[in-house]
Structure formats: structure tokens, C-alpha cells
Amino acid sequence: MIISLVLFFWIIFEFKLFMGYLGKKDAIILLEDGTIFHGKAVGKGGTATGEICFNTGTTGYQEVFTDPSYFGQLMVTTNAHIGNYGINNEEVESDGIKISGLVCRNFSFTHSRVDSHGNLKDWFEKHNIVAISDVDTRALVAYIRDHGAMNAIISTEVNNIDGLKKQLTLVPSMEGLE
């Protein structure tokens, strides 16, 4: 009986996870050279542009997102989990979020840190930051490393590729800037 109950609740839990995944909006990363990576929207849908870059840190995502050196860039994180310890108002590098958007593998909608001031999804929505998860970030980072820095666009407008390509041509290059 106990095993049946455990199995029942496990199936319900897995079903809810699966349905949560299906309920997310589709999203894409369109690189300047026309390459497309697919993912799912985190919270707020929309479009963000900038030079695509990556960070390999295993902790400190909030500090990365508020670091002025990443101003206007689309950040790809290589850490397996983003959002799992929430946000803390004392752990910022500047007066606000500096990245223009986030691309990650696994986005945690809940957090476990006792002294957090909220979750990352709500913080991004408050600041109108577009984020995409469920992306093969290993493949994306390898592509960036092999092909160099370039502008990109992340968007939930997955049925408007031509319009996104046109919008991407209007994004100024960051080449030569520091």
C-alpha cells in the first residue's frame, strides 16, 4: 500500500513537471549568422537583443547579472541551475540588472535560501528582463567559442524569424568597445 502511494505521488509529481514544461512558451536564440537555438520562455515573453556572451561561474549569478561590464549583453550561463538560491538585495554589483537577457539550461522557479528576498523569475519580470531556459547551453557556448562574439536576439516570437532577422540587423555592434 505504501509503495503504491509513493508511486502514485511520484507519477503526479512527474506529470506536473511535464505539464509545466509543456505550458512554457517556445523561444529561440537567433545568432547574427542565422544560427538558431531553441528553448522555452521563463516568465515574461518578449524579445531582447545584444551581443551574446557566456559566463562559466558556478555561483554568483546575481552578481553577474548586475555587473556593469555585461551591460546590454545577452548572458548565457553554463552553470546547470540558475535561480535555485533566489536573490538577495545586498548581493548586487551596481544599481540594477545590466544584462539585456538570459539564456540558461535549467531555471529554478523556486529557491531554498533562507535569507533570499525573492525569486529570480519575479526579479526579472519586475525589471522586464527576457529569459530563456531549456537550451543546450553547452552546444551554444561551443558555437560562440568557435565562431566568435556576435549579436543575437532572444525571443518568444518564434513564428516571425524574418522579422527578428531584420530587427537583429539594427542592433549596433559592440566590436571594439570595452
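Above this note sits the structure.
So, a few notes on the structure that sits alongside this text. (Residues numbered from 1 in each chain as written. Predicted model: local features only at pLDDT ≥ 70, side-chain atom pairs only at ≥ 80, totals over all residues. Heavy atoms only, no water.)

### Some thoughts on the environment of T59
Heads up, the rule is: Helix numbers and strand numbers start at the N terminus; a helix is a DSSP run of H or I with at least 4 residues, a strand a run of E with at least 2.
Relative to the helices and strands, T59 resides in the loop between β3 (47–55) and α2 (61–65). Distance from T59 to Y85, taken between C-alpha atoms, is 9.7 Å for residues 26 residues apart in sequence.

### Concerning the pattern of salt bridges
Threshold: By definition here, a salt bridge exists when the distance from a side-chain nitrogen of Lys or Arg to a carboxyl oxygen of Asp or Glu is within 4 Å. Only protein chains enter the area calculation, which uses a 1.4 Å probe; residues under 20% of their type maximum are buried, those over 50% are exposed, and those in between are partly exposed.
In total, this model carries six salt bridges according to the counting rule given. For R113, the salt bridge is made with E91, and the minimal N-O distance between the two is 2.6 Å. Of this pair, R113 sits in the loop between β7 (106–107) and α3 (120–126) while E91 sits in the loop between β5 (81–82) and β6 (101–103); the two residues are 22 residues apart in sequence, bridging distant segments of the chain. For E125, the salt bridge is made with K121, and the minimal N-O distance between the two is 3.2 Å. Of this pair, E125 and K121 both sit in helix α3, four residues apart, which is roughly one turn of the helix. Note on E125: relative accessible area 31%, which makes it partly exposed.

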